[in-house]
Amino acid sequence: MGGTALLAVAAGAAWLLFVTGLGIGQGGIWRSGLIWTLGALAGLSFLTIGIVIAREHPRNQVGPLMVLLGLAWIPQQILFLPGDPLWALALCGVWAAIACHLFLAFPTGRLGHVSYRVVTGLAYVASLVLSVTQALVRLPLPTPLQHIVVAIDTSSWQATVLISGAVLVLTVKRWQRASVAQRRAIAPVTGASIVATVAFAGDRVANLFPPNPVQLPTALVMLAAFTAVPLAYLAGLMRSRMDHGRVAELVVHLSRRERPDTLRDELAATLRDPGLTVGYWTADQDRYVDADGRPVDLDPGRGRAVTRVDQGEAPLAVLVHDAALLEQPLLVEAACAAAALALENERLTADLRARLRQLAASRRRMLQWGEAERRRIERDLHDGVQQRLLSVAMTLGLAEAAGANPGRAAPLIGEAKTAVLAALDDLRAVSHGIHPPVLTERGLAGAVKELAAVSSVTVAVTCDLEAAGPLPQSVETAAYYIVNEALANVTRHAAASKAWVRLARHEGRLLVEVGDDGAGGADPARGSGLAGLADRAEANGGRLTIDSPPGEGTVLRVVLPCA
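Criteria and cut-off values
As a convention, each chain's residues are numbered from 1 in the sequence order in which they are written. Only residues with pLDDT of at least 70 are given local features in this predicted model, and only at 80 or more are side-chain atom pairs given and counted; all residues enter the totals for whole chains, interfaces and linings. Only hydrogens and water are set aside when side-chain values are computed; all heavy atoms of the structure are taken into account. Note on pairing: two strands pair once DSSP finds at least 2 bridges between them. Helical segments are the DSSP runs of H or I of at least four residues, strand segments are the runs of E of at least two, and each set is numbered from the N terminus. Lines fitted to C-alpha atoms define the axes, with helix axes restricted to the stretch in contact, and inter-axis angles between N-to-C directions lie between 0 and 180 degrees. Note on contacts: a residue pair qualifies if any of its non-hydrogen atoms lie within 4.5 Å across the two residues. Here roughly perpendicular refers to angles of 65 to 115 degrees, roughly parallel to angles under 35, roughly antiparallel to angles over 145, and oblique to all remaining angles. For any helix crossing, the convention is left-handed if the near helix is rotated counterclockwise from the far helix by under a right angle, and right-handed if that rotation is clockwise. Put simply, a nonpolar core is a bunch of buried Ala, Val, Leu, Ile, Met, Phe, Trp, Tyr and Cys residues held in one set by side-chain atoms that sit within 4.5 Å of each other. Remark: exposure states derive from per-residue accessible area (1.4 Å probe, protein chains only) relative to the maximum for the residue type, with buried under 20%, exposed over 50%, and partly exposed in between. Salt bridges are counted wherever a side-chain nitrogen of Lys or Arg sits within 4 Å of a carboxyl oxygen of Asp or Glu. For Phe, Tyr and Trp, rings pair up if their centres lie within 6.5 Å, where Trp contributes its six-membered ring, and each pair is then called stacked (planes under 30 degrees apart), edge-to-face (over 60) or tilted (otherwise). Note that patches include only residues with greater than 30% relative accessible area and no salt bridge, and the join distances are 9 Å for like charges and 5 Å for nonpolar side chains (Val, Leu, Ile, Met, Phe, Trp, Tyr). Here the open area of atoms and residues is found with the Shrake-Rupley method and a 1.4 Å probe, where only the protein chains shown may cover a residue.

K.L.:
What exactly am I supposed to notice about the sheet that holds strand E8 (residues 543–547) here?
P.N.:
Remark on secondary structure: sheet strands pair via backbone hydrogen bonds, oriented parallel or antiparallel. The strand order E5-E6-E7-E9-E8 describes an open sheet built from five strands, whose pairing is mixed. The sheet is open, and its two edges are formed by strand E5 (458–464) and E8, each paired on a single side. Within this sheet the neighbouring strands show an average axis-to-axis angle of 10°, counted without direction. Relative to strand E6 (residues 498–506), E5 is paired through seven bridges, and the arrangement is parallel. Bridging across to E6, Thr458 finds its partner in Lys498. Across the sheet, helix H15 (residues 437–454) is in contact with E5, E6 and strand E7 (509–516); its angle to E5 comes to roughly 170°. Seen against the sheet, helix H16 (residues 473–494) touches E5, E6, E7 and strand E9 (554–561) and runs at an angle of roughly 10° to E7.

K.L.:
Looking at this model, I keep getting lost on the packing of helix H2 (residues 33–56) against helix H3 (residues 62–78). Mind explaining?
P.N.:
Each pair of packed helices gets described by two things: the angle between the helix axes and the distance between those axes. Across the interface, H2 lies against H3 with an axial gap of 7 Å and an inter-helix angle of 155°. Relative to H3, the element H2 is oriented roughly antiparallel. Here H2 and H3 pass one another in a crossing that is left-handed. When H2 is examined against H3, the residues Trp36, Gly39, Ala40, Ala42, Gly43, Phe46, Leu47, Ile49, Gly50, Ile51, Ile53 and Ala54 are found in contact with a partner set consisting of Gly63, Pro64, Met66, Val67, Leu69, Gly70, Leu71, Trp73 and Gln77.

K.L.:
Explain the nonpolar core here, please?
P.N.:
Within soluble globular proteins, side chains that are nonpolar tend to cluster in buried spots. In terms of nonpolar packing, the biggest core is built from 64 residues, with Trp15, Met66, Leu102, Phe103, Leu104 and Phe226 touching the most fellow members. Discounting residues that sit within four places of it in the chain, Trp15 has contacts with Gly39, Ala40, Gly43, Leu44, Leu47, Gly70, Leu71, Trp73, Ile74 and Gln77. Val448, Leu465, Ala478 and Val558 belong to the second-largest nonpolar core, a separate cluster that totals 39 residues.

K.L.:
Explain the pattern of salt bridges to me, please; I cannot follow it from the model alone.
P.N.:
Any two side chains of opposite charge can pair, so long as their charged atoms come close to each other. Summed over the entire model, instances satisfying the criterion amount to four salt bridges. Across the salt bridge formed by Glu513 and Arg502, the nearest N and O atoms sit 3.8 Å from each other. Taken together, the residues span a long stretch of sequence, with Glu513 in strand E7 and Arg502 in strand E6 at a distance of eleven residues. Owing to a relative accessible area of 9%, Glu513 belongs among the buried residues under this scheme. Between Glu513 and Arg557 there is a salt bridge, with the nearest N and O atoms lying 2.9 Å from each other. Placement of the pair is Glu513 in strand E7 and Arg557 in strand E9, with a sequence separation of 44 residues. A cluster of three or more residues bridged by salt bridges with shared partners is formed by Arg502, Glu513 and Arg557.

K.L.:
Looking at this structure, how should I read the side chain of His101?
P.N.:
Tracing the sequence through the fold places His101 in helix H5 (residues 94–105). Residue His101 is classed as buried on the basis of its relative accessible area, which comes to 18%. Those residues in contact with His101, other than ones at most four positions away along the chain, are Leu65, Leu111, Thr120 and Tyr124.

K.L.:
Looking at this structure, I do not really get the packing of aromatic side chains. What am I missing?
P.N.:
Between two aromatic rings, the relevant description is the distance of the centres plus the angle of the planes. In total, this model carries seven aromatic pairs according to the counting rule given. Where Trp95 meets Phe200, the ring centres are 5.5 Å apart and the plane angle is 80°; that geometry is what we call edge-to-face. Of this pair, Trp95 sits in helix H5 while Phe200 sits in helix H9 (residues 180–206), placing them 105 residues apart in sequence. The exposure class assigned to Trp95 is buried, which follows from its relative accessible area of 2%. For the ring pair Phe103 and Phe226, a centre distance of 6.0 Å and an interplane angle of 25° mean the geometry is stacked. Placement of Phe103 in helix H5 and of Phe226 in helix H10 (residues 215–255) is noted, with a sequence separation of 123 residues between them. Owing to a relative accessible area of 5%, Phe103 belongs among the buried residues under this scheme. Through pairs of rings, three or more aromatic residues link up here, namely Trp73, Trp95, Phe103, Phe200 and Phe226.

K.L.:
It is not clear to me how the environment of Gln146 should be interpreted in this structure. Could you clarify?
P.N.:
Locating Gln146 in the fold gives a position in helix H7 (residues 143–154). With ten residues separating them in the primary sequence, Gln146 and Leu136 have C-alpha atoms 8.4 Å apart. In this structure, Gln146 is in contact with Val137, Leu139 and Leu141, ignoring residues within four places of it in sequence.

K.L.:
Explain a nonpolar patch on the surface here, please?
P.N.:
On the surface, a cluster of nonpolar side chains totalling about 400 Å² of accessible area is made up of Val125, Val129, Leu145, Ile148 and Ile152. Breaking the nonpolar patch down by element, the ones donating at least two residues are helix H6 (114–136) and H7. Sorting elements by how many residues they give to the nonpolar patch places H7 first, with three residues.

K.L.:
Would you mind going over unusual backbone geometry with me for this structure?
P.N.:
Leaving glycine out, the prevailing phi sign among residues is negative, and the prevailing peptide bond configuration is trans. The phi dihedral of Ala495 is positive, around 55°, even though this residue is not glycine. Mapping Ala495 onto the fold places it in the loop between H16 and E6.

Written out as C-alpha cells, the structure reads:
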C-alpha cells in the first residue's frame, strides 16, 4: 500500500506541475482562483485515486477509467486560464465522455447492458464532435462550412442535456434494481455522480446566457461534485478494509456462541447481507441442505450469487449471498476461513437433520404403503379366499344332504375339491405379496436369478454375497423387491434389449445395481415407481441414486447397510 501511495503522490505532483507549466504566461486566473483550484482538485483526485484503485483492484476497470479521466481533465483545466488555446478547446469535452463511461460502468468497470454501451458510445462521439466544432468556430472557414459549424456549436447544449438525462435515467434504474447490500455499496458514488451529472448539464445551459448570477455557483457545484466522486469511491474502499476487520470479530463471536444455529446470523452480519443462506454438503444425498436439512437452491436468481466453500478438495458448504459481494471476494473468503470449523460442525448437524427428515418422510410413506397393502390383503382374502371357502362349505353341505344318492354327491364333492385347490392358489398369491417364498427357499441370489429368468428382457446377474455370511431378512426382502420393481420398470418403460443386475456385499453394505441399455431419461419426480424404490431404500437406512442420461440407458444403484 505504501508503494501505491507514493506512486499516486508522484503522479499527482507531475500532473500539477504540467498544468501549472502550461498556464505560465497565460496571465491571471479566469473567473476566480476558486474555480481553478476546484478544477485542479477534481483532476488530481481522479488521477491519484484512480491509481490507488487500479493497483488495489487490477481486474476492475474503474481505476483505469479514473486515471484516463484525470489525464483528460488537463485541457479542461487549461480553459480555466485566459487565452483558450485551440488544442484545449478541441479536447476539452473528452473528459465528460469518460465520466459518462465511468458512471455507467460503476461498480464493476463493465458496461453490462446494451443501453449502457449505446449511451456511452454516443457520449464519446458527441464529446469529440462538439469539442472540435467549438475549436473550429474560432477559425476562418468557408461560408457554407462556417454555417454548419456554428449550427452544430449552437445546438451542442441540447446533445449535452439529452445524454446527461440518459445517464441519469440509467443510473436511477440501476439503483432501483439493486439489492440492499448493493445499494449500501454504491450509494456514495451514485449520489455524487447524479449530482455531478445534473450540475454538468446545468452548467452547460447556464453558459448559454453569460453573464448571469447562477453561472459561477453552478460551476462550483459541478466541480465539487466531480471531486467527490473519486473520494466517495475511496471511502468505499476504506470501508471494505474495515469490513475485513470484522472477520476478527466473527472469530470472537463464534467462539462465544451459546446456540449452534447462530452461525448464519453471524456470517450475515459480517458480510452485511440479511438474506444470506448457508448450505451444507451431505455426501449421502449428494446435495447441499440448510441447517434444518432442507435442500438449498443453487440457482438463486437475479441479484444473488453462490460461493462454494471447500475443505481441501472436499465440498463443505455454499453461501448464497448478494451478488454485490462478488466485488469483495477476499472478504467472503476470509469470513469462510474464519468460520471453517463452525461450518464443519454445522455441516455434521445439518447432515444429521437431513437424514432424520428424510428418514421420517420415507417411513411415513412406507407406513402409508403398508396400510394400503394391509387393505389390499384384507380385500383379497375377503373377495377371494373367504368367498371360495364359503362356497366349499355350502357345496359340502349339499353333498352331505345327498349322502343317500352317491350319483348326486360325487359331483358336489369334486366341485368342493376344485374350490379348495383354487382357494389354496389364492392364498399362495396373497402370502407371496407378504413375503416371497422363493427368498426362504433359495435366498436372495436364487430369487434374483429367478426374476431374471422370467423377465421379457435378457438379464445378466452377478452375485458376490456368500463370503460374509447370510444377510438380514429385512435387507433381503428390500433388495428383492427393489430388483423386482426395477426389472418391471425396464420391461415397461426402458425399451431396452438387455439389462443386468449386480449384487455385492462389502464392508457391511449391500450394493444392488440394476442397469439397462434403453432410452434413459428416468426421473423419480415423474412417477411413483422410482420414488417408491427410494422410500424402500431409505426406510432400511439406505440410499438410491439414478444415472439416466437420455438415450444412454439407466443405472439404478441402492446401497443398504447390512452389518
